[in-house]
Amino acid sequence: MKRIVCSTVSVLISLIMLSCSGGTSSQQATSTTPCPDNGIPEGGEWITMFDGKTLNGWRGYGKKEVPGGWKVEDGIITFSAISATSMEGADLIYDRKFKNFVFEIEWRVGKAGNSGIFYTAQEIEGKPIYYSSPEYQLLDNVNMPDAWEGVGGNRQAGAVYDMIPPIPQSCNPYDTWNKTRIVVYNMRVIHYLNDVQILEYQLGTPVWKALVDKSKFGIASNDPEKEPAAYELMLNAGKEPGYIGLQDHGYGLAFRNIRIKEL
């Protein structure tokens with residue numbers, strides 16, 4: 001069964017690459033080289049999202065205030081589950097929506113660290129942030145259980161969580177800094193990790209639907225790991241401006257140098 005699933009994911013990845021390149025040859029369809037960053041406008045001025053001193057501009061998902069556990073130390077945003085006042089709903093969002101943009105952030109996780117970046121999130125009462133937004137996975141790839149690799153690496157650092165693996169994998173070890181860049185333009189999404197383009201895909205397409213169907217956000221009622229309440233929200237991701245969010249996930253985290261440029 002695992003071999004069948006892996007094969008299905010490989011076909012989906014090939015379709016993503018083929019759609020990006022616009023080509024028809026078998027070589028183009030099976031290429032693992034991410035598409036070139038073309039057709040993206042230069043955009044406006046960079047907006048600084050973190051002043052290095054405060055969490056001004058940020059708040060909790062579904063909250064007016066910053067949740068416990070988040071603080072600023074030595075020019076770095078940190079999160080520690082030990083000091084959190086609540087382990088529920090501690091995700092952090094920037095209090096402004098964006099649709100077409102380039103987003104950059106540097107991040108660090110501790111040993112076995114696990115977190116994520118959301119970039120088309122909608123704030124929906126009673127629903128978690130990850131129901132409405134693809135997640136750029138942040139992870140210590142080395143010290144996590146094998147289950148965190150997912151299928152073909154689609155839960156590793158830089159992945160679209162549970163959907164698209166990063167190729168190549170360019171993550172630095174735990175306790176060292178990594179740089180993420182996410183480009184969203186006209187429903188086209190590009191992930192970079194440490195200045196290497198690692199994946200590209202298009203929201204709102206049949207290929208995107210197929211990826212959602214195979215992920216934990218699919219609607220198979222006989223699978224207890226599925227979260228079908230997220231299905232329609234995930235299919236519609238990116239159609240409206242959304243929030244940028246940082247996931248708490250209960251591990252020590254650090255973020256710095258956060259900025260965005262609208263396109």
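Here the structure is shown first, and the text comes after it.
Conventions adopted
- Residues numbered from 1 in each chain as written.
- Predicted model: local features only at pLDDT ≥ 70, side-chain atom pairs only at ≥ 80, totals over all residues.
- Heavy atoms only, no water.
- Buried < 20%, exposed > 50% of the residue type's maximum accessible area, 1.4 Å probe, protein only.
- Helix = DSSP H or I, 4+ residues; strand = E, 2+ residues; numbered from the N terminus.
- Pairing = 2+ DSSP bridges.
- Axes fitted to C-alpha atoms, helices over the stretch in contact; angles between N-to-C directions.
- Arc of directions from axis to C-beta.

A. Spotlight on the pairing of strand 6 (residues 101–109). Burial analysis of strand 6 places eight of its nine residues in the buried class, which makes it a mostly covered element. Bridge count for strand 6 against strand 9 (residues 178–185) is seven bridges, and the pairing is antiparallel. Each residue of the ladder has a partner; that of W107, found in strand 9, is N178. Pairing of strand 6 with strand 13 (residues 253–262) involves eight bridges; the strand directions are antiparallel. By the bridge assignment, R108 is partnered in strand 13 with A254.

B. Quick look at the sheet that holds strand 8 (residues 135–139). The sheet built from five strands is open, its strands ordered 2-5-12-7-8 with antiparallel pairing. Both edges of this open sheet fall to strand 2 (58–60) and strand 8, since each of them pairs with a single strand only. Within this sheet the neighbouring strands show an average axis-to-axis angle of 25°, counted without direction. Pairing between strand 7 (residues 114–121) and strand 12 (residues 243–246): three bridges, direction antiparallel. Bridge pairing in strand 12 places I117 opposite L246.

C. Molecular detail of helix 3 (residues 206–214). Those residues of helix 3 that fall on the buried side of the exposure criterion are V207, W208, L211 and V212. Each buried residue of helix 3 sits inside an arc of 140° when the element is viewed along its axis, so together they form one side. Within helix 3, the exposed residues directed more than 90 degrees away from the buried face are P206 and K214.

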